[in-house]
Structure formats: C-alpha cells, structure tokens
Amino acid sequence: MHSTKRAMKIAFVPLILFFILFLVAPMLMTIWQSLYTDRVFSISPYLEAFTSSEIMMAMWNSLKVSSVSALVTTGIAFFLAYSIEMTNVAKPAKKFIQFGITLPMFLPTITYGFVLIYVFGNQGLLTKLIGKPLFAIYGFNGLLVGYILYTLPAAFILIQNAFYYVDKRFLLVSDLMGDRFIRKFYHTIFRPMLGAIGGAFVLTFVLSFTDFGIPASIGGTYEVIATTLYQTMLGSIPNFQQGAVISVLMLIPAIVSVVLLGALEKLNFQQTTISTTELTMNRWRDVTFGTVASIVAIVVLGIFAIMFVAPFTVAYPFNLTFTLDFLKRFIQMDELTTVYWHSIFVALFTAIVGVVVAFTSALLSARTTVKGHRSFDFIAMMTNTIPGMVLGLSYLFLFNNSSLKGTFMIIIICNIIHFFTTPYLMAKNALQKMDSNWEVIGELLHDSWFQTVYRVIIPNVKSTILEMFSYFFINAMVTVSGIIFLVSTETLLVSAKIKELQHFNKFNDIFILSIFILATNVLIKLICEFWLYKQKKKENAK
Amino acid sequence: MKNSVWLLLICSIVLVLTACSGKASENDKVIIYSNADEEAITAMEQALKDEGLSGKYIIQSMGTSELGGKMIAEGNKIEADVVTMASYFIDSAQKKNNMFTDIKGSKEAIDSQPSYALPILGNMGAIFVNTEVLKQKKLDTPTSIVDLTKPEYKDLVSIPNIMDSSTGWLLIQAILHQYGEEKGKEVLHNLLANVGPHLESSGSGPIKKVQTGEVAVGFGLRAQAVNAKVEGQPIQYIDPTEGNFSLTESVAVVNKGGDKQKLAMKIAKVIADKARPALLKQYPVALYKGETVAKEHEPKHATKWETPLTVDLLEQHQAFFKSAQ
C-alpha cells in the first residue's frame, strides 16, 4: 500500500508543479501587471479602461456579436442535430450533413475570413453570380457569419450527444396521449434538452467572444475586444499594462459562462437506460428536415470550396484558367514549407505530451485518493475559462526575460494548457466508468500501481486516448489566439503565418497553406478512425 | 523495474522538449525584421542572393506599427539582427533605446543621415483610380483628397490606416498641411465616412482594392499605381493638390555584438548598396547623390513636412486621426 502511494506521488508532484508554473503563475503575473505601475499599486488602470470609449466599445461589440451568433448557431445546431437523431433521413444524407458542418473544425479561424471575402466580397464569387453584394461583409455581418461557421460544429456535437440520452419512449407515450406537436415537442424533447441547449449557447458565446482569427481577417473597422487586445500589445505604442487590464476584463464573461454551465448541468436529465425505440414513420418530416439540413451542409461546403478554386486559377476572379503555378511556387518556397513542418512538429508534441498530462491528471483524479487529487478538476475549470489570447499574453509577461522566450517549448506548453479541459474530461469519464476494483486486484497480485495502469487500465481506454490525441493535434494545428503572442521568426506556425501573408494580401498562399492544414488534420482523423475500426474488429473476433 | 515507466516517460518528455527548445540566438541565421512591401523584399532578396548570402538569413515581415512597437518596447533584446523600417521609427527607437550600431554605406546621401542607419527607399503618396470602375459608376476623376469626401464616392474609397501603416501617415500629413487642424478634421471625418470598411491596415491594401475593382479610388504609394498603369491595368494615378508627401525607409543593425553582427552588417550593406538600383526602380525617389528618376515618376506636387518626422509627431497625428473618426 505504501509503495502505491509513493508511486502516485511520483506522478502527482511534477504534474501539479507543471500547472503551478504554467497556469497559476502566469495568471497571477497578468493580474500583477494590471495593477502595478511605476512602483505603485493602484486600480486606476481599471478605471481608465472603464472610461476608455475604445475599450468599452470593443467590449460591447464583442458581447453583441457573440450573443447574436450564439443564438443563431444554437438554433441551427439544434435543427441539424434533430434532423440527424430524430428523423429517418437516409443514412448517406445524414453522413453528408455531419461531414459538411464539421469540416470547418479542421481549419484555422483566420482562414474563414478570407474565404468569406472571396465568396461575399464585392468581387466575390456569389457577388459575381448575383450581380451585387448580398450584404456588407466587413464588420458585424462578416463576424456573425464567421462565428456561426466556427462554432456550429461544437454546438452540433454537444446537442447531438444530448439527443442520445433523450428517452424516445416518451415520444411514443406522447403520441398515444394525442398530444399536439408543440406540447409533445416541449415535454419530450425541448425540456429534457434544455441543459444541452443552454450549454451550447454558452459554449458558442465563449468561443466567439475569445476568437482572434475571424476579426483579424474580416473585422474591418468593427473593433472587438480580441483585436483591441492585440493592438494594445503590438501596436505602434505598446501599452503592456492596458493589455493586462483588457486580459483580466476578458476573463469576466468567461468566468460567468463557466458558472452558468455548472448551473445548466443541473437541468440535464440523467437517463439510466438508453432506449432504442424506433422513430415513428413520417415522410413529410423526413423530406423537409433532410432537405433543409442538406442545404445547410451544402452552403458550408460551398463557402469553403473557394479555397480549392482560387489558388488554382491564373488571376481569380478575372482569369479562371486552371494553373498549378501557385502550388509549384509554394512548394519551392522554403519559408512556407518550413512553417508547415513547424506546425506539424508543434501539433505532434502538443498531442503526445498533452495526452500524457491530461491522462495522468485524470487518472490521479478519478482513480486515486492521493492528497489533492481533486485539484485537477479545479485546474480543468480554470483552463476552460481562460481565453487562449489571455494565456499567451500571460506567458509573454512571465517568460519574456527567460530562455523560454521564442521557443517551441513554450508554444507547446501553452497549447497543452489551453486545450487541457476537453481531453481531461474525456479521460476522466472513461476512467470513472471502469471497474473500481482493478487496482485492488492488481495489488493482491503484487503488481505495482504503475504496472496495473500499464497492463490493465491503459489497454481499456485506448480509444479514448486516441480521441484525446486527435483533439490535441487538430486544435494545435489550427489555433491562432493561443500562440499569437508567443511565436517568433524561428518558431512561426502556419496559423500565424497566415496573418502575416494577409499583410501582403497573398490569398493564394493563404489558401494553399489552409489546404495543407486541412489535409493534415483530415489525415490524422482518418488514421485514428481506421485504427479504432481495426481495434473493434479485433475485439469482435475474439 | 517497470515501476518507473511513468517517471521515465515524464523525464524523457522533459528532455525532448528541452532539446527542441532551440533558441533563435543559438541559430546562426541573421534575422531581418522588415515592414517593407512585397516588391521591396523581392528586390532585397535578389541582391542578397546575388551576393551569395542565400540561406544565411530569414526575413520576417510585419506591419509598420507592429515592428515599431517591438523596437520601442524591446530595444536590443529584439529578436532581429537587422531592421528595415521607416526612418523616423529607427531614429526614435535609437533615441530611446540606443539599440543600433554605427554603419557606413558606400554612397553619399542627399539629405544628412544619422550614423546608425542607411536609407534604402523613399515612399511617396498619391491618389489612384480604377478607370473602369469610375466609368461603371459614372464618377468624375478626382483631383484632390477633398474631392474624395463627396457623397458619390461613398463606400468606393480605400485608404491606409495611420494607426498601422506609415503610408496612412502621408495622407494625414497632406490633409493637415493643407487644411490645418480644424478644417482638416472635418475633411478627414467626411473622408472616413466615405471609406467605411475599406480602411486598410497595410499600405498596399488600397492599391489591391482598386486593382480588383473592390473600390474605385484609393490613396497609397504613387509608385505602385504607376507600375500598375505601365502593366496595362485600368489604373490612373493622380497627384493630389494637397501635395505628394514622402517618407524614407532605412536599414539598421541591432547592436548585439558577436560574430553574427558582422554578418548582419554585411547583409545590411548589401541591402543599402546592391539592392538600391532595383529599389529605386520600384520606389522612384532619389535618396543618394547622382540618382535620377524617370519622367513619369516625377510628382506634380512634391512636398515635405516642415519639421523632422518623429514618433512623437506620429502620435500627435494619430490622435488627430482618432478625433476625426
């Protein structure tokens, strides 16, 4: 027993030190920075921020556009999830819909803006087809469309998962009782789903509020808080203290959201058995939902299709002759290919180290009683709350004069902390479901704790580990906000390079880099899925 | 011994991470930070290549304000070894941080130069139009900046933002010089109302928007418009009656000492000397004695701001810009 405890501590101590150094300390440093100037502590920087019309305007704009987009996205996501889970739309159509709306997840948000300009801008594809712009794309409208595309996959997955737990037998009961549609919908679907719907709203709000890529590409003169923070820190007259103040202000909506999420959790129904009742036949319903949902997927795919057209034409949109010149030139350009390999390297290490960190944390939290094992839940809540930009900036404050500055290591660590919450929860859920007696049996067999983990626990959560891996990898590949303050010339990543290419309006290079990111992410996803599939087959064969 | 699988794993990860944390300063490539346009960078790279310096440097492009902010904030702790940047910014950064080392070029400059920077190019501001779009929208060709505030140009004008771009400053100088603070504010306010979303963070933004027909009129670098016209595009350049103001950009070497600085010095001199002919073609403003500029590149209303350009003056003009928004 004694040795087990010691073993757990060997895993626990370095982990907790890691979080103290790279999560708690940087955040404290940011708060310190925001309050301490000219050797005096004062709250005047905050008063200054509250009276600055620029900051308040940006804050208000952010709140406004994020709430509107969260509202719209949640609605669309609900409709789509309903179409997939509650209708008899043909299987291939369902697969297509799912593929279409989740595709943007594999791209950096900064790409979205450029894609939108090429579709809806004054010279955009759609504008050419209709003859005049559908709407002004720069500013509020562009942000709204961009945020919807960006947050739809997350909201959709969340609501779709919740549908899985809706007891479909109640639908039958409701039918038998002769309920009208509205009443039936409210009691059997909407009410049980309320927690998930609220959760999706909060999640999409936070994602939009803290995103930097979309406003950086299409915001125009519509200032949001993320661009204000960037300009404050990297403008011609950098103001570090004001940057720190804005960072702290950006935490407020995020903290409120996490509290809200906790409250919403209580609304969720706990279903013990999952029903497999067949859905009623309703052709009209299936056709309508199938058609509308497919249109949504087609629109999303259609918008992003421009990425595959523009860089392969001589001079889009004036000369649409097919050419491979840009691709050839791209492959010959050392700096662009180097940047691509940087991104792969960072994503790979983020994924490997991230899985070890998140899995060990979850293991200690869910299956041990080591002192302080609950602190990981708190850490997960913290990492969920802190916007990527704020985390990156806090690293800049704390590590600027250290040898960590400008290294891949700091970028990788920032990514791991930034994306910690979801993989941690994935692992924790999986670990909690397993038989709690395994460790005891292991000990009776004189296996050490490490041996039990290695021989029994890990093999049983392989698929979860794989999911964690691909989550870390893909997010590290596409993030801009987390690393925008940390990359240097030697450690430039694709997502940040795109921002630089924007400076020269090099859209062809932007789209080709985006295609590389997309292809890499899809490939990783496919490899993971294939491995899972083989694993399942093996198990079935046993 | 399997007890320590975990510990081993963690240790090895720490090791690998340390190994891959290769720092910029340990690398022997010279890092060049530059706010220059794509055309200028191409000219510099060609000259460096001709001198056999390929692979010995990395050029990192960034916006003028971003680079300026870094220079002011980081001093000689900046990642870059060489900087090419608006001259006034180099002057101000030197004044504040004393961060550049002395450098001597092979030619004599027309204007007196500081000891730590060599001028590499001159930018001049002008108005340009897309003649096709003007025809399409039935608009008159403007002759001055104030013309662009007319209601018919609403949402058809693009200008660079002085908050991010030094080209944007050329516009503000012209407005302030001609109309003064009070009237100027009104002009700028009306202009910004017409510009709407086409306020660009990059100096090359407006010409690109005019070329693609996204807008009809733009304010930006005169040379770019001249070139577009020469290439046969439907672009016409106009010297505004308010004046063609200009800015120089220079190259400077960050004082970090060591062997790398020698290479940095060599690179900086190549940019100033060998890239200069190509840069002069691209940005036809004579900076060194004996340089000549083609006829079509001679602006009608060449003007200079009365006092030396400094970051302080830029801040004042930025404040003026903000007050007009």
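**Here's the deal with the overall build of chain A**
Now for step 1: Per the secondary structure count, chain A includes 24 helices and 4 strands.
Now for step 2: The C-alpha radius of gyration of chain A comes to 25 Å, within 12% of the 24 Å expected for a compact globule of 542 residues.
Now for step 3: Structurally, chain A occupies a C-alpha span of about 70 × 70 × 50 Å along its principal axes.
Now for step 4: Across the 542 residues in chain A, those meeting the buried criterion constitute 57%.
Now for step 5: Of the contacts formed within chain A by residues at least 6 apart in sequence, a portion of 82% connects residues at least 24 apart.
Now for step 6: In the form shown here, chain A has an accessible surface area of approximately 24,400 Å², with 66% of it arising from carbon and sulfur atoms.

**Some words on the overall build of chain B**
Now for step 1: Within chain B, the secondary structure is distributed over 11 helices and 10 strands.
Now for step 2: For chain B, the spread of C-alpha atoms along the three principal axes comes to 85 × 55 × 40 Å.
Now for step 3: Counting all 325 residues of chain B, 57% fall into the buried class.
Now for step 4: In chain B, of all internal contacts separated by at least 6 residues, the share reaching a separation of at least 24 is 77%.
Now for step 5: Carbon and sulfur atoms provide 52% of the accessible area of chain B, an area that totals close to 13,700 Å².
Now for step 6: Of the charged side chains in chain B, 35 are positive and 39 negative, and the gap between their average positions amounts to 4 Å.

**Here's the deal with the interface of chain A and chain B**
Now for step 1: The partner chain B presents 52 residues to the 46 residues of chain A that form the contact.
Now for step 2: Summing both partners gives a buried area of about 4,400 Å² for chain A against chain B, and 61% of it is carried by carbon and sulfur.
Now for step 3: Sorting the residues of chain A by area buried against chain B places Thr489(A), Glu490(A) and Phe504(A) first, and these three jointly supply 15% of that buried surface.
Now for step 4: At the junction of chain A with chain B, the criterion picks out 3 salt bridges.
Now for step 5: The interface formed by chain A and chain B contains 8 residue pairs in polar contact (both at pLDDT 80 or more).
Now for step 6: If one sorts the elements of the side of chain A that touches chain B by residue count, helix α15 (residues 334-367) of chain A sits on top with 7 residues.
Now for step 7: Looking at side-chain class alone, the side of chain A that touches chain B contains 24 nonpolar, 17 polar and 5 charged residues.

**Quick notes on the packing of aromatic side chains**
Now for step 1: Applying the stated criterion across every chain yields a total of 45 aromatic pairs over all chains.
Now for step 2: By the ring-pair criterion, three or more aromatic residues cluster together here, those being Phe12(A), Phe18(A), Phe19(A), Phe22(A), Phe376(A), Tyr395(A), Phe399(A), Phe420(A) and Tyr424(A).
Now for step 3: Stacked on the ring of Tyr288(B), the Lys or Arg Lys107(B) has its end atom at 4.8 Å from the ring centre.
Now for step 4: Between the NZ or CZ atom of Lys209(B) and the centre of the ring of Tyr138(A), over which it lies, the distance is 4.3 Å.

**Considering the environment of Leu363(A)**
Now for step 1: Residue position: Leu363(A) is located in helix α15.
Now for step 2: Residue classification places Leu363(A) among the buried residues on the basis of a relative accessible area of 1%.

**Notes on the nonpolar core**
Now for step 1: Core analysis: the biggest nonpolar cluster contains 179 residues, and Phe19(A), Phe163(A), Phe304(A), Tyr395(A) and Phe485(A) have the highest contact counts within it.
Now for step 2: Sorting elements by how many residues they give to this core places α15(A) first, with 16 residues.
Now for step 3: Phe485(A) has contacts with Leu229(A), Tyr230(A), Met233(A), Leu234(A), Met389(A), Gly392(A), Leu393(A) and Leu396(A), leaving out every residue within four places of it along the chain.
Now for step 4: With 97 residues, the next largest nonpolar core counts Leu53(B), Phe89(B), Met124(B) and Val217(B) among its residues.

**A short note on the side chain of Thr151(A)**
Now for step 1: Along the polypeptide, Thr151(A) turns up in helix α7 (residues 140-164).
Now for step 2: Overall, the relative accessible area of 0% leaves Thr151(A) in the buried class.

**Focus on the pattern of salt bridges**
Residues and elements named next belong to chain A.
Now for step 1: In the structure shown here, the tally under the stated rule is 20 salt bridges over all chains.
Now for step 2: Taking the shortest distance from any N to any O, the salt bridge between Lys497 and Glu335 comes out at 2.8 Å. With a gap of 162 residues between them, Lys497 in helix α23 (residues 494-503) and Glu335 in helix α15 connect regions that are remote in the sequence.
Now for step 3: The exposure class of Lys497 is buried, given its relative accessible area of 3%.
Now for step 4: A residue is classified by how much of its surface remains accessible, and Glu335, at 37% relative accessible area, is partly exposed.

**Here we look at the pairing of strand β3 (residues 82-86) of chain B**
Residues and elements named next belong to chain B.
Now for step 1: When you tally the buried positions in β3, you get 5 out of 5 residues, the bulk of the element.
Now for step 2: In this sheet, β3 lies alongside strand β1 (residues 30-34) in parallel orientation, the contact comprising 3 bridges. Bridge pairing links Tyr33 to Val83 in β3.

**With respect to a nonpolar patch on the surface**
Now for step 1: A cluster of nonpolar residues, Val13(A), Leu17(A), Ile20(A), Val24(A), Leu28(A) and Ile31(A), forms a patch on the protein surface that exposes about 490 Å² of accessible area.
Now for step 2: Here Val13(A) shows up in helix α1 (residues 2-35).

**Focus on the packing of helix α5 (residues 109-120) of chain A against helix α24 (residues 507-541) of chain A**
Residue and element names in this part refer to chain A.
Now for step 1: Two numbers describe how α5 lies on α24: the axes approach to 11 Å, and their chain directions differ by 125°. With respect to their mutual orientation, α5 and α24 come out oblique. Between α5 and α24 the crossing geometry is left-handed. Contacts between α5 and α24 involve Thr111, Phe114, Val115 and Tyr118 on the former and, on the latter, Phe507, Ile510, Phe511 and Ser514.

**As for a positive patch on the surface**
Residues and elements named next belong to chain A.
Now for step 1: On the surface, Lys462, Lys534, Lys537 and Lys538 cluster together to form a positively charged patch.
Now for step 2: The greatest single-element share of the positive patch, amounting to 3 residues, is contributed by α24.
Now for step 3: You can see Lys534 is positioned in helix α24.

**Points about the confidence of the model for chain B**
All names here are of chain B.
Now for step 1: Of the residues in chain B, 92% have a pLDDT of 70 or more, and the chain-wide mean is 88.
Now for step 2: Overall, residues 21-26 carries pLDDT values under 50, and its contacts beyond four positions in sequence, including any with other chains, amount to 9 contacts.
Now for step 3: Across the whole predicted complex the pTM is 0.86, and at the interface the ipTM reaches 0.75.

**Details of unusual backbone geometry**
Generally, phi is negative for residues other than glycine and the peptide bonds are trans, each holding for most cases.
Now for step 1: Even without being a glycine, His446(A) presents a positive backbone phi close to 65°.
Now for step 2: Phi is positive for Asn98(B), close to 45°, though the residue is something other than glycine.
Now for step 3: Looking at where Asn98(B) falls in the secondary structure, it is placed in the loop between α4 (87-97) and β4 (118-130).

Rules behind the numbers
- Residues numbered from 1 in each chain as written.
- Chains lettered and ligands numbered in written order.
- Predicted model: local features only at pLDDT ≥ 70, side-chain atom pairs only at ≥ 80, totals over all residues.
- Heavy atoms only, no water.
- Helix = DSSP H or I, 4+ residues; strand = E, 2+ residues; numbered from the N terminus.
- Rg over C-alpha atoms; globule rule 2.2 N^0.38 Å.
- Buried < 20%, exposed > 50% of the residue type's maximum accessible area, 1.4 Å probe, protein only.
- Contact = heavy atoms within 4.5 Å.
- Areas by Shrake-Rupley, 256 points an atom, 1.4 Å probe, with all protein chains shown as cover.
- Lys, Arg positive; Asp, Glu negative; His and termini not counted.
- Charge placed at Lys NZ, Arg CZ, Asp CG, Glu CD.
- Buried area = accessible area lost by both parts, 1.4 Å probe.
- Salt bridge = Lys/Arg side-chain N within 4 Å of Asp/Glu carboxyl O.
- Polar contact = N/O pair within 3.5 Å; in protein donor to acceptor, adjacent residues only side chain to side chain.
- Nonpolar A, V, L, I, M, F, W, Y, C, P; charged D, E, K, R; others polar.
- Phe/Tyr/Trp six-rings, centres within 6.5 Å; stacked < 30°, edge-to-face > 60°.
- Lys NZ or Arg CZ within 6 Å of the ring centre and 35° of its normal.
- Core = buried A, V, L, I, M, F, W, Y, C linked by side-chain atoms within 4.5 Å.
- Pairing = 2+ DSSP bridges.
- Patch = residues over 30% accessible without salt bridge, like charges linked within 9 Å, V, L, I, M, F, W, Y side chains within 5 Å.
- Axes fitted to C-alpha atoms, helices over the stretch in contact; angles between N-to-C directions.
- Parallel < 35°, antiparallel > 145°, perpendicular 65-115°, else oblique.
- Left-handed = near helix turned anticlockwise from the far one by under 90°.
- pLDDT = per-residue confidence, 0-100.

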